[in-house]
Number of protein chains: 2
Amino acid sequence: MSKLTALARHTSSAQEDYLKALYGLGAVEAAVPPSRLARELDVSPASVTDMLAKLAVLGLVTHDRAHGARLTPTGRGVALEMVRHHRLLEAYLVQALGYRWDEVHDEADRLEHCISEVLEQRMFQALGGPSFDPHGDPIPSTRGSLPREHDRCLLACKAGDRVRLSRVSDREPEKLRALRALGLELGTAFEVVGESRWEGPLELRLNQRLVQVPLGLARIAFVH
Amino acid sequence: MSKLTALARHTSSAQEDYLKALYGLGAVEAAVPPSRLARELDVSPASVTDMLAKLAVLGLVTHDRAHGARLTPTGRGVALEMVRHHRLLEAYLVQALGYRWDEVHDEADRLEHCISEVLEQRMFQALGGPSFDPHGDPIPSTRGSLPREHDRCLLACKAGDRVRLSRVSDREPEKLRALRALGLELGTAFEVVGESRWEGPLELRLNQRLVQVPLGLARIAFVH
DNA sequence: TAGCTAGCTTAGGCGTGCCTAAGACTTGGA
DNA sequence: TCCAAGTCTTAGGCACGCCTAAGCTAGCTA
Ligand SMILES: [Mn+2]
Ligand SMILES: [Mn+2]
Ligand SMILES: [Mn+2]
Ligand SMILES: [Mn+2]
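Just so it is clear, the structure is predicted and the values come from calculations on it, not from any experiment.

1. Thoughts on the protein's contact with DNA strand D
So, point 1. What surrounds DNA strand D is a group of 21 residues, the closest being Ser35 and Thr49 of chain A together with Ser12, Ser44 and Ser47 of chain B.
So, point 2. Close to the protein, within 4 Å, the atoms of DNA strand D belong to sugar or phosphate groups at a rate of 62%.
So, point 3. Residue Thr49 of chain A places a side-chain N or O atom 2.7 Å away from a phosphate oxygen belonging to DNA strand D.
So, point 4. With respect to DNA strand D, the side chain of Asp50 of chain B contributes an N or O atom lying 3.3 Å from a base nitrogen.
So, point 5. For the surface near DNA strand D, the secondary-structure elements that each account for two or more residues are α3 (34-41) and α4 (45-57) of chain A together with α2 (13-24) and α4 (45-57) of chain B.
So, point 6. For the surface near DNA strand D, the element with the highest residue contribution is α4 of chain B, accounting for five residues.
So, point 7. The residue makeup of the surface near DNA strand D, split by class, is nine nonpolar, seven polar and five charged.

Structure representation (structure tokens):
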């Protein structure tokens, strides 16, 4: 039985992408509708149906028309392995090879599927066992555990809040460059002097400077 | 026309493997028979026929039943790019991440297809512009030039020759470990005290020690 | 010169991962 | 209550990269 599980580990890149996306969409706690997955992965709903059937046969998801798809414990494991690879790679590219935080996502998205466990281990050691990636996302342990994050979106901050940037979405490189250009890096401390009103920008005081942060940037930034 | 060439750069992993194999089999100078390629890549001759047809349409090989397949200049370029990636990755894994020379080949074989030009460049810089991989193979420049090697097989050495290990085949990890266990690393100086007779082992003097080198190991080792 | 054989190609087929188009649920509003 | 929309699945098909089996060719040997 555990032999079978081990053999089932021949997951393809595509399968790993579905599992990772499911994980990101919260398919551990609640079922995810196929349409949501289709949008996320930019494939047709029919493709999602196909793939979910395959993943169900492999025992990586459960799939029930009424609710949608959920990860099995094994599926969660594979998903977390990809997340670990992704974030570790991002951290390595930044810390060891001088990448900027807006350059690493696409590279990691490709490499996460083809690094060995040995390489994973060596990068982890070389970085001294990092806990977070360059965007502030936690790196799952080999066992698959993740510290729970308790930060909030910059968008929700009120005037007078004194906070630090703890996390950003790594999806849109342009926005990451813009944040960096405003002086916002991971760990940067600032005070919210003007909260967002009528969908206007937030105003921050940061290193004695006043900085305007457009809504679209505040939405991808998280603080604590 | 150069637009078309640029667009033709969407080569798949499989295509890149064929081009790299062709390069390795000398398809720059002379035509390579499909059967040779099939053996090299461990695929059927029919598969080779299919793929060569595709590569010919892409302008990467010329293919002529009488002689076999040859790389076009563009095809040679793609092949050399893969060789560069492969050797650079091997060098990086050894020098930056503590891999041994017998551990890097498979890892590099997978990664060579999915690293970006940026990552290639960063690894190259991080290593200070290396010229050789951990097996003594030259790393092609971005422009695609390669220093010509003038080493000879250890098998061909005569008693009395005083030489250094300059290159080894990276295909068989077991043999690489065996060479290392005998004290043979890249650059190791030694004297051939007994050449191979009747398919017996060579005998070397190496750091005051006498070492027997089986034919199968001597065959993959090169010296100058 | 007439086979015969080795090597290459063709034909047909399979698994994967994607698509579009068309059917089948489900579900909320009229 | 019943229909219209939205959602999901089924059906059929395509590109890729591989396979086996069957033909073809060309060159060597008898
Ligand atoms: Mn791993
Ligand atoms: Mn990240
Ligand atoms: Mn390159
Ligand atoms: Mn090598």
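2. What about the protein's contact with DNA strand C?
So, point 1. Lining the immediate surroundings of DNA strand C are 20 residues, of which Ser12, Ser44 and Ser47 of chain A together with Ser35 and Thr49 of chain B lie closest.
So, point 2. The share of sugar and phosphate among atoms of DNA strand C within 4 Å of the protein is 64%.
So, point 3. Note that a phosphate oxygen of DNA strand C is positioned 2.7 Å from one of the side-chain N or O atoms of Thr49 of chain B.
So, point 4. At 3.2 Å, a side-chain N or O of Arg65 of chain B approaches a base nitrogen of DNA strand C.

3. Structural notes on the domain arrangement of chain A
Residue and element names in this part refer to chain A.
So, point 1. Split into domains, chain A comes out as domain 1 (1-148) and domain 2 (152-223).
So, point 2. Taken over C-alpha atoms, the centre of domain 1 sits 28 Å from the centre of domain 2.
So, point 3. Contacts between the two partners involve eleven residues from domain 1, matched on the other side by 14 residues from domain 2.
So, point 4. With both chains or domains summed, domain 1 and domain 2 bury close to 1,100 Å², and 53% of this area falls on carbon and sulfur atoms.
So, point 5. Considering only the side of domain 1, the residues that lose the most area to domain 2 are Trp101, Asp102 and His135, jointly responsible for 59% of the buried surface there.
So, point 6. One can count three salt bridges joining domain 1 with domain 2.
So, point 7. With a closest N to O distance of 2.8 Å, Arg177 and Asp102 form a salt bridge.
So, point 8. In the side of domain 1 that touches domain 2, the residues fall into two nonpolar, four polar and five charged.

4. Quick notes on the packing of helix α5 (residues 73-97) of chain B against helix α7 (residues 117-126) of chain B
Residue and element names in this part refer to chain B.
So, point 1. At a minimum axis distance of 10 Å, the contact between α5 and α7 shows a crossing angle of 45 degrees. Taken together, the axes of α5 and α7 are oblique relative to one another. Relative to α7, α5 is oriented so that their crossing is left-handed. Here α5 contributes Glu81, Arg84, His85, Leu88, Leu89 and Tyr92 to the contact with α7, which in turn contributes Glu117, Glu120, Met123, Phe124 and Ala126.
So, point 2. Looking at the contact of α5 with α7 residue by residue, the class counts come to six nonpolar, one polar and four charged.

5. Comments concerning empty space enclosed by the protein
So, point 1. Within the structure shown, the criterion is met by one cavity of 30 Å³ or more.
So, point 2. Volume-wise, the largest cavity comes out at about 160 Å³.
So, point 3. As for the largest cavity, its lining consists of 16 residues, and the residues nearest its centre are Leu89, Leu119 and Met123 of chain A together with Leu111 and Leu119 of chain B.
So, point 4. Listing elements by their share of the lining of the largest cavity, those giving two or more residues are α5 (73-97) and α7 (117-126) of chain A together with α5 and α7 of chain B.
So, point 5. When the residues that make up the lining of the largest cavity are grouped by side-chain class, the tally is 16 nonpolar, no polar and no charged.

6. Focus: the sheet that holds strand β8 (residues 221-223) of chain A
Paired through backbone hydrogen bonds, the strands of a sheet run either parallel or antiparallel to each other.
Residues and elements named next belong to chain A.
So, point 1. With respect to topology, six strands assemble into an open sheet ordered β3-β8-β4-β5-β6-β7, the strand pairing being antiparallel. The open sheet has two free edges, formed respectively by β3 (152-153) and β7 (209-213), since each of these has just one partner strand.
So, point 2. Here strand β4 (residues 162-168) pairs with β8 via three bridges, running antiparallel. If you follow Val168 over to β8, its bridge partner there is Ala221.

7. Comments concerning the coordination of the manganese ion (ligand 3)
Residues and elements named next belong to chain B.
So, point 1. Note on the manganese ion (ligand 3): its protein donors are Glu81 (OE), His85 (NE2), Glu117 (OE), Glu117 (OE) and Glu120 (OE). The metal-donor distances range over 1.8 to 2.5 Å.
So, point 2. Donor residues for the manganese ion (ligand 3) sit on one chain with the sequence pattern E-x3-H-x31-E-x2-E. Here Glu81, found in helix α5, pairs with Glu120, found in helix α7; they are 39 residues apart in sequence, far enough to count as distant. Note on accessibility: Glu81 and Glu120 belong to one class, buried.

8. Comments concerning the nonpolar core
Grouped burial of nonpolar side chains is what soluble globular proteins tend to show.
So, point 1. Core analysis: the biggest nonpolar cluster contains 32 residues, and Leu97, Leu111 and Leu119 of chain A together with Leu97, Leu111 and Leu119 of chain B have the highest contact counts within it.
So, point 2. Of all the secondary structure elements, the ones that give two or more residues to this core are α5, α6 (104-111) and α7 of chain A together with α5, α6 (104-111) and α7 of chain B.
So, point 3. Excluding its chain neighbours within four sequence positions, the residues that come into contact with Leu119 of chain A are Leu93, Leu97, Tyr99, Glu107 and Leu111 of chain B.

9. Notes on the pattern of salt bridges
So, point 1. Applying the stated criterion across every chain yields a total of 36 salt bridges over all chains.
So, point 2. The partner of Glu112 of chain A in a salt bridge is Lys20 of chain A, with the nearest N and O atoms 2.8 Å apart. Here Glu112 of chain A, found in the loop between α6 and α7, pairs with Lys20 of chain A, found in helix α2 (residues 13-24); they are 92 residues apart in sequence, far enough to count as distant.
So, point 3. For Glu112 of chain A, a relative accessible area of 0% translates into the label buried.
So, point 4. Owing to a relative accessible area of 17%, Lys20 of chain A belongs among the buried residues under this scheme.
So, point 5. When the shortest N-O distance is used, the salt bridge between Glu191 of chain B and Arg162 of chain B registers 3.7 Å. Here the residue Glu191 of chain B occupies a position in strand β5 (residues 189-194), and Arg162 of chain B occupies one in strand β4 (residues 162-168), the gap between them amounting to 29 residues.
So, point 6. Glu191 of chain B sits in the buried class, given a relative accessible area of 16%.

Rules and cut-offs
Residues numbered from 1 in each chain as written. Chains lettered and ligands numbered in written order. Predicted model: local features only at pLDDT ≥ 70, side-chain atom pairs only at ≥ 80, totals over all residues. Heavy atoms only, no water. Near = heavy atom within 4 Å. Polar contact = N/O pair within 3.5 Å; in protein donor to acceptor, adjacent residues only side chain to side chain. Helix = DSSP H or I, 4+ residues; strand = E, 2+ residues; numbered from the N terminus. Nonpolar A, V, L, I, M, F, W, Y, C, P; charged D, E, K, R; others polar. Domains from an automatic or database assignment. Contact = heavy atoms within 4.5 Å. Buried area = accessible area lost by both parts, 1.4 Å probe. Salt bridge = Lys/Arg side-chain N within 4 Å of Asp/Glu carboxyl O. Axes fitted to C-alpha atoms, helices over the stretch in contact; angles between N-to-C directions. Parallel < 35°, antiparallel > 145°, perpendicular 65-115°, else oblique. Left-handed = near helix turned anticlockwise from the far one by under 90°. 1 Å grid on protein atoms, 1.4 Å probe; cavity = no way out; pocket = protein on both sides within 12 Å on 5 of 7 lines; lining within 4 Å. Points joined across faces, edges and corners; volume = space filled by probe spheres on them. Pairing = 2+ DSSP bridges. Donors = N, O, S within 2.8 Å, 3.2 Å for Na, K, Ca; no water. Buried < 20%, exposed > 50% of the residue type's maximum accessible area, 1.4 Å probe, protein only. Core = buried A, V, L, I, M, F, W, Y, C linked by side-chain atoms within 4.5 Å.

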